[in-house]
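Below, each chain spelled out in residue letters.
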Number of protein chains: 2
Amino acid sequence: MYYDPVEAMDRAALEELQVERLRETIENAKRSPFYAERFKSIDPNDIRTPADVAKLPFTTKDDLRSQYPHGLLTKPLEEFVRLHASSGTTGTPVAVFYTQKDLDTWADLMARSMYCCGCRKTDVLQNTSGYGLFTGGLGIHYGSERLGMLTIPAGAGNTKRQIKLIRDHQVTVLHIIPSFALYFAQKVREEGFEPEDMPWRIALIGAEPHTEEARAKIEKLMHIKAYNSYGLSEMNGPGVAFECVHQNGMHLWEDAYIAEIINPETGEPVAEGEVGELVMTTLTREGMPIIRYRTRDLTRFIPGKCECGRTHRRIDRITGRADDMMILKGVNIYPMQIEQCLMAMPEVGQNYLIELVSDGISDQMKVKVEIKDEFFVEDMRALQGLQKRIAKNLCSEILVTPRVELCQSDSIPKAEGKAVRVVDLRDKE
Amino acid sequence: MYYDPVEAMDRAALEELQVERLRETIENAKRSPFYAERFKSIDPNDIRTPADVAKLPFTTKDDLRSQYPHGLLTKPLEEFVRLHASSGTTGTPVAVFYTQKDLDTWADLMARSMYCCGCRKTDVLQNTSGYGLFTGGLGIHYGSERLGMLTIPAGAGNTKRQIKLIRDHQVTVLHIIPSFALYFAQKVREEGFEPEDMPWRIALIGAEPHTEEARAKIEKLMHIKAYNSYGLSEMNGPGVAFECVHQNGMHLWEDAYIAEIINPETGEPVAEGEVGELVMTTLTREGMPIIRYRTRDLTRFIPGKCECGRTHRRIDRITGRADDMMILKGVNIYPMQIEQCLMAMPEVGQNYLIELVSDGISDQMKVKVEIKDEFFVEDMRALQGLQKRIAKNLCSEILVTPRVELCQSDSIPKAEGKAVRVVDLRDKE
Ligand SMILES: [Zn+2]
Ligand SMILES: [Zn+2]
């Protein structure tokens, strides 16, 4: 029923395991130059509950950069067999090193993750992700082989050939990024096939943040079940948290990681179920343990138990980056909250824009929203009603009532490249 | 001294091992639909020496195509964990399937191959090859990890970033295709570094056929030792044969393969040391054994023992494809023989063209050769002397004396894409 019995381990026993592994991790981390210095006065015996992790200092991306390349390694370089690095030729990159044991641990976590959403040894997985320094490609690849699936390393691009491979080899599981999935569905039709005639049944679409709406669209257009996942190279790569078949949050593997959710401003834990920054600690990585890593990713723990019986807590889909946070009237607001709220309304069109303005006394938020043509009618009352509903929905999400302005299709300028969704027009002192 | 003691095994014992494994391979192959039919009347006990492999029928690329996708598999599909396939969306592709055990065997052969040319656990390997369905990428990757090298899966492209990674992580081994290597050396200089200041010492350049001259140029311009290798996806991928530090032919791993060299016209073995088509039989592949595969690649066994002490025979670099063979006055000639001969002469420039003409009675070969400007002097006697030397050198290589025509630089039209080196102007009946 589970890939590994640890997935349904009793919470008390799981937390005991976490404490034991956290203590070992602290001991082990002290073998690295970085933590040897930083943890000088830390005694592993002070850890008595998983929450005691909060007694340890944070590790930030800047720490990883300043320690580049070897400052966090607990073993001689020759013990490592893999390196992944953040892309880019400017600035100091971040590099993550793996021993053979770390690769095995990671492959097991990946295999467990894919099993969790219904993949089995008898499945055929096609990996349409690029390989290379990006952990998504090799991460899925090793996990898929570990689970025993027939693994087709198709790589990125060449959709026509991908479709042929899927049909020839009866591919049942597709690893595909959300933005490619919709294009893919269209290409399948152009090649003369219907998505429902394709052999696939599962899409792993976790590599990019996306909304629940986007998932629904992918599932409908591809005639597939799409599962979300979470990972980052600092924590190995994919396989940190994965959805089970209930598609209601991602089980975060708590035997391998301690997760905290904190207020990114104060560093304090948020209340149960509230959104904040995810902070991660590795519990099973021998070569490069990282403790209380500030991921900058925003999510929340989903309260309650999952029907699947797994006891590892679930995190919600990532709702943005801590760096994108706006503060308005003392409230933390993330653009993704607004996007999710808007996109859940059938009347809302393709584009929107958030403007932060100041009236000299207090700050205000104005949200310009494109409305689909069929809803942009001449009935003033209907439009005002829609406007109010949008404002109300937004308020219930972000706890601030914005001014809402309805716009016609294509009236908000489309940004080149990454969409600019927030314009801050407040006076800066 | 060796990665695996089998590399220096006594020949008699090695051949015994081959016989034993060939018998097992025949038994195993009969579990596949294709060989069950083809080997109906084959009795493994008829195999008493490795040369008895010649009692078995050939397997051709057309066989693999007609059996696509599953005709050669000896196990249920769910036992397989990897698929590689030839590229292309037109025509029937060739697919190769691997069990986990096959991947392990392949990784071991790759690790042994890299050890053979001087790679060690303490090395850092950067893989600049694309990953995906092409076996070169994942083949080198798995072998490198198996050997325990720190493996950087850089993938293809982005030379600037590749150079940064090489410098940041003190990369000592580079997997690079020959045609990219020369460009790479140039980019290193453009970035303000000298190749001799780069940390690298070994280049694995086997993925593309290339001449001894090309290797010498790479070694000089990159300030590196470059090693050739041989492999093809039908025989796993890279790791079939690899050069040792003596750079004098590639040891073909005879505990894993039986190699024959035959006349591609008659199918009979060629004389010791003669060039012919390489025919390969897998001895350790459980999921998809292939017996007497016609590779269409042309090479020869290099006679004599290698100084390194490895007893596995060496094959020469691939001198062309059986399909490129010309027959002139009853002699088999391959364009690569002519290219190698020409490019070894310092006077010869960039381009040449082979014309096959008929004078009504017999066929003739005319070779047009561009001469470097500094040798294209007005001294008629010097030019005639050069012309004679070229003709003589060619004759000693191909056993036919061609007519040689000296041309000025850039006077032979350059082909777009793949160079056209042979023009057949003979009357066709
Ligand atoms: Zn669940
Ligand atoms: Zn040797």
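Just so we're clear, the structure is a prediction, and the values are computed from it rather than from any experiment.

All names here are of chain A. Applying the stated criterion to the full structure yields 68 salt bridges over all chains. For Lys368, the salt bridge goes to Glu355, with nearest N and O atoms at 3.3 Å. With Lys368 in strand β19 (residues 363-371) and Glu355 in strand β18 (residues 348-358), this residue pair connects regions lying 13 residues apart in the sequence. Exposure remark for Glu355: the relative accessible area of 11% places this residue in the buried category.

Further remarks concern the side chain of A:Ser32. Residue and element names in this part refer to chain A. With respect to the helices and strands, Ser32 occurs in the loop between α1 (11-29) and α2 (33-38). Among the polar contacts listed, one links the side chain of Ser32 to the backbone nitrogen of Tyr35, at a separation of 3.2 Å. Residues contacting Ser32, with those up to four places away along its chain left out, are Gly71, Leu72, Leu73 and Thr74.

Residues and elements named next belong to chain B. Protein coordination at the zinc ion (ligand 2) comes from Cys244 (SG), His251 (NE2), Cys306 (SG) and Cys308 (SG), with a distance range of 2.1 to 2.3 Å. In this structure, the zinc ion (ligand 2) is coordinated by 4 donor atoms arranged in tetrahedral fashion, with angles at the metal of 99 to 120°. When the donors of the zinc ion (ligand 2) are listed by position in the chain, the intervening gaps give C-x6-H-x54-C-x1-C. Here the residue Cys244 occupies a position in the loop between β9 (237-243) and β10 (250-252), and Cys306 occupies one in the loop between β14 (301-302) and β15 (314-315), the gap between them amounting to 62 residues.

Below, the discussion takes up the domain arrangement of chain A. Interfaces are often described in size by the accessible area the parts lose on coming together. Residue and element names in this part refer to chain A. According to the domain assignment, chain A contains domain 1 (1-322) and domain 2 (326-428). Measuring from the centre of the C-alpha atoms in domain 1 to the corresponding centre in domain 2 gives 32 Å. With 12 residues of domain 1 at the interface, the matching set in domain 2 holds 9 residues. Across the domain 1/domain 2 interface, buried area totals approximately 800 Å², and carbon plus sulfur atoms make up 63% of it. If you sort the residues of domain 1 by the area they bury against domain 2, Thr211, Glu213 and Thr319 come out on top, with a joint share of 49%. If you look at where domain 1 meets domain 2, you find 0 salt bridges. Along the contact surface separating domain 1 from domain 2 lie 0 residue pairs in polar contact (both at pLDDT 80 or more). Class assignment for the residues of the side of domain 1 that touches domain 2 results in 4 nonpolar, 4 polar and 4 charged.

Now for the relation of the copies chain A and chain B. Take chain A, turn it by 180°, move it 0.1 Å along the axis, and it overlays chain B with an RMSD of 0.1 Å. The superposition operator between the copies reduces to a two-fold rotation axis. In terms of proximity to the rotation axis, the leading residue of chain A is A:Tyr131, whose C-alpha is 3.1 Å off the axis. An overlap of 100% is found between the interface residues of chain A and their copies at the interface of chain B, pointing to a shared contact surface.

A word on the coordination of the zinc ion (ligand 1). Ideal geometry at a metal centre gives angles of 109.5 degrees when four donors are arranged tetrahedrally and 90 or 180 degrees when six donors are arranged octahedrally. All names here are of chain A. The protein atoms that coordinate the zinc ion (ligand 1) are Cys244 (SG), His251 (NE2), Cys306 (SG) and Cys308 (SG), at distances spanning 2.1 to 2.3 Å. Around the zinc ion (ligand 1), the 4 donor atoms sit at angles spanning 99 to 119°, and that spread fits a shape best called tetrahedral. Sequence spacing of the donor residues for the zinc ion (ligand 1), all on one chain, is C-x6-H-x54-C-x1-C. Linking Cys244 in the loop between β9 (237-243) and β10 (250-252) with Cys308 in the loop between β14 (301-302) and β15 (314-315), this pair joins segments that are 64 residues apart in sequence. Assigned by exposure class, Cys244 and Cys308 land together as buried.

Take the sheet that holds β9(A) next. Residues and elements named next belong to chain A. Taken in spatial order, the 5 strands of this open sheet run β8-β9-β10-β15-β14, and their pairing is antiparallel. The outermost strands of the open sheet, each flanked by one partner alone, are β8 (229-232) and β14. With 3 bridges connecting them, β8 and β9 associate as antiparallel partners. Opposite Tyr230, over in β9, you have Ala241 as the bridge partner. Helix α4 (residues 100-116) contacts β9 and β10 of the sheet and is inclined by roughly 30° relative to β9.

Time to look at the sheet that holds strand β13 (residues 293-299) of chain B. Residue and element names in this part refer to chain B. Judged by pairing direction, the sheet is antiparallel, and its 3 strands sit side by side in the order β11-β12-β13 without closing on themselves. Two strands in the sheet have a free side with no partner beyond their single neighbour: β11 (257-262) and β13. Averaged over all pairs of adjacent strands, the angle between their axes in this sheet comes to 30°, without regard to strand direction. In the sheet, β11 pairs with strand β12 (residues 276-282) via 6 bridges, with the strands oriented antiparallel.

Calculation criteria
Residues numbered from 1 in each chain as written. Chains lettered and ligands numbered in written order. Predicted model: local features only at pLDDT ≥ 70, side-chain atom pairs only at ≥ 80, totals over all residues. Heavy atoms only, no water. Salt bridge = Lys/Arg side-chain N within 4 Å of Asp/Glu carboxyl O. Helix = DSSP H or I, 4+ residues; strand = E, 2+ residues; numbered from the N terminus. Buried < 20%, exposed > 50% of the residue type's maximum accessible area, 1.4 Å probe, protein only. Polar contact = N/O pair within 3.5 Å; in protein donor to acceptor, adjacent residues only side chain to side chain. Contact = heavy atoms within 4.5 Å. Donors = N, O, S within 2.8 Å, 3.2 Å for Na, K, Ca; no water. Tetrahedral: all angles 85-135°; square planar, octahedral: opposite > 155°, others 65-115°. Domains from an automatic or database assignment. Buried area = accessible area lost by both parts, 1.4 Å probe. Nonpolar A, V, L, I, M, F, W, Y, C, P; charged D, E, K, R; others polar. Least-squares fit on C-alpha atoms with pLDDT ≥ 70 in both. Pairing = 2+ DSSP bridges. Axes fitted to C-alpha atoms, helices over the stretch in contact; angles between N-to-C directions.

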